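Structure at a glance
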Amino acid sequence: MQSNSTAQGVAPEQAVARHHHRDLSEVTLSGVYEISKILVAPAKIETTLANVLNLLSSFMDMRNGTIMLLNDEDVPDIVIGTCWSAEVATMNRQSLPQKALDQIVATRMPLIVQSTAGHELFDDCYLASPDTEENVAFIGVPIRIGNKVAGTLTIDRPWRHLSGLRLDHDVRLLSMVANLLGQTIHLQSIVARDRERLLQEQRRLEKQLEASQPVATKSKVNISGIIGNSQLIRNLLDKIATVAASNATVLLRGESGTGKELFARAIHELSPRVKGPFVRVNCAALPESVLESELFGHEKGAFTGATSARKGRFELADGGTLFLDEIGEISPAFQAKLLRVLQEGEFDRVGSSKTQKVNVRIVAATNRNLEEAVSKGDFRADLYYRINVVPLLLPALRDRKCDIPLLAQNFVTRFNEENGRSLSLSPTALNVLKSCYFPGNVRELENCIRRTATLTRGDTIEAADFACGHGECLSATLWKGHGPSEASFAFQPGREAQFASAGGTPAAGENVVPCTCGASQPGGSGCPTPEECSDIGAGGDMRLSRAQLVDAMERSGWVQAKAARLLGITPRQIGYALKKHNVSIKRL
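Treat the numbers as computed from the prediction; the structure is a model and nothing was measured. (Residues numbered from 1 in each chain as written. Predicted model: local features only at pLDDT ≥ 70, side-chain atom pairs only at ≥ 80, totals over all residues. Heavy atoms only, no water.)

**Points about the packing of helix α10 (residues 288-296) against helix α12 (residues 332-344)**
Following both chains from N to C, one finds α10 and α12 inclined at 10 degrees, their axes separated by 11 Å at the closest point. Considered as vectors, α10 and α12 are oriented roughly parallel to each other. Here α10 contributes Glu288, Leu291, Glu292, Leu295 and Phe296 to the contact with α12, which in turn contributes Ala333, Phe334, Lys337 and Val341. Looking at side-chain class alone, the contact of α10 with α12 contains six nonpolar, no polar and three charged residues. (Axes fitted to C-alpha atoms, helices over the stretch in contact; angles between N-to-C directions. Helix = DSSP H or I, 4+ residues; strand = E, 2+ residues; numbered from the N terminus. Parallel < 35°, antiparallel > 145°, perpendicular 65-115°, else oblique. Contact = heavy atoms within 4.5 Å. Nonpolar A, V, L, I, M, F, W, Y, C, P; charged D, E, K, R; others polar.)

**Regarding the state of the cysteines**
The final tally for this structure, using the stated rule, is zero disulfides. Cysteine 436 supplies the cysteine sulfur nearest to cysteine 448, a cysteine that is in no disulfide, at a spacing of 6.4 Å. Cysteine 448 sits in the buried class, given a relative accessible area of 12%. (Disulfide = S-S within 2.5 Å. Buried < 20%, exposed > 50% of the residue type's maximum accessible area, 1.4 Å probe, protein only.)

**Let's talk about the confidence of the model for the chain**
Close inspection of predicted coordinates is inappropriate in any region flagged by low pLDDT. Per-residue confidence for the chain averages 76 on the pLDDT scale, and 75% of its residues sit at or above 70. Residue range residues 215-221 is modelled with pLDDT below 50. Its contacts to residues more than four positions away, or to other chains, number 12 contacts. Here residues 481-542 scores under 50 on pLDDT; set against residues more than four positions off or in separate chains, the count is 139 contacts. (pLDDT = per-residue confidence, 0-100.)

**A short note on the pattern of salt bridges**
All chains considered together, the criterion is met by 16 salt bridges. Across the salt bridge formed by lysine 357 and glutamate 346, the nearest N and O atoms sit 3.7 Å from each other. Separated by 11 residues along the polypeptide, lysine 357 in strand β12 (residues 355-357) and glutamate 346 in strand β11 (residues 346-348) bring together distant segments of the chain. The residue lysine 376 makes a salt bridge to glutamate 372 at a minimum N-O spacing of 2.9 Å. Of the two residues, lysine 376 and glutamate 372 both sit in helix α13 (residues 370-376), four residues apart, roughly one turn of that helix. Overall, the relative accessible area of 56% leaves lysine 376 in the exposed class. Residues participating in the shared-partner salt-bridge network are Glu261, Arg280 and Asp325. (Salt bridge = Lys/Arg side-chain N within 4 Å of Asp/Glu carboxyl O.)

Here you go:
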């Protein structure tokens, strides 16, 4: 019996061809589906193209595959081959059949070469090598984006048993894959352009926002006149940058000489009022009658000598910042007048009944214990609450000793510029400065540097050039015998705990005396006399009194190494000090 195919007049060869065609169609459908899943997965374009080639090689009888993409100048930009990696990218580019690819790009049509051996398009390519054991067929299709050819998709495969039917199938499959690749590349280019546009817009908005905000944190580290890298100063500048953005009244508290005016000016410069005036008034320097006229102004003839009308500091500071220094020194009678303008922004000139209204930001400063003054009735409680909206505590210089070298070098530089000198500070001089207590803070440090620099004859300031080395330190004389309760300020509750990390606050109950020729002296003995101060060690980088030396030796059982550790020096230095002070070693 004949088969159904024969019975129906269909030759066996035709039946096989139809079956083979059906198998190729299923392969095509399955391959396109798998490739579409790769193209929609998020990945770099090089990784996506490499995965497509690897998938093609799994169901096509091919030796190699290559995807080449052109840039805007039609120059090969990305070349991906089977088993692609970043390391072999250059090798793929060098082995391209460039003539064949150029023809595909130029004609925008697929290219089929049944045998590359001896073909003119492959004379510079490994595919035309005579050592090849079998003929190699080449198939290439263009990758289009609209009407433009964006690249090529090519494969090479052995010629054995290739039929025209199989070649046609391969061209159709590669053309479909090339169309999918073109759409994917186009979408990725659109996404990349949008992403770059959004990033540029973000950078533009950030610059615009930065330019419109004068309180940006970049400015706080460049505040004119404020020098220091200690944690205390950095924290304070961070607070100032935050506070400056508002119009809240600020009260600067700290010892005399800590630079309250500099920080007040920093608040003004970092605020939206930076374009307005910054006006300063020292309330302690003026008597009450003059202070009222100075702050509120006066009319012509208001008092003897008032020959013309004059604006006060509040009017001059309108739209800006008014710095009231030493506000704790004003009289109780004037406090009531000041309270009105702080509450309402209104005042009357002396000798006038016309009310003036101003928009002024107040920054006040004091080194007094205002809480104690309020409890004693010397300072109005309502005025205290009005000015103490945002209190900022300025650290003493002894609480940020790591800033002393920076400050000292800055003062020496200023002195050199003003006097045409070229002085520098030696390491031993810096050690002396870092060991000082400085009850007058930065102002005292500046005066100490200027005095020493003026009297120094050489080009280097040494430890022996300071006044404390000759018993002439006026600060040590002024503060001699003062304990921490007198040398520091009572308005700083919890100061020991707050500044403990700075290492500059005396322990509770310890009688510490400020000394400018050495570290704070335990025991309340005051500043050593010139006879008791001696240089020890190479270069004389430390000063030690006889009393300190004997005390350390007694506590260590007259073991020099232990005593040296207690004093923070070397055994050689303590041996030098014992010899210098003629201290006999006790044998226990």
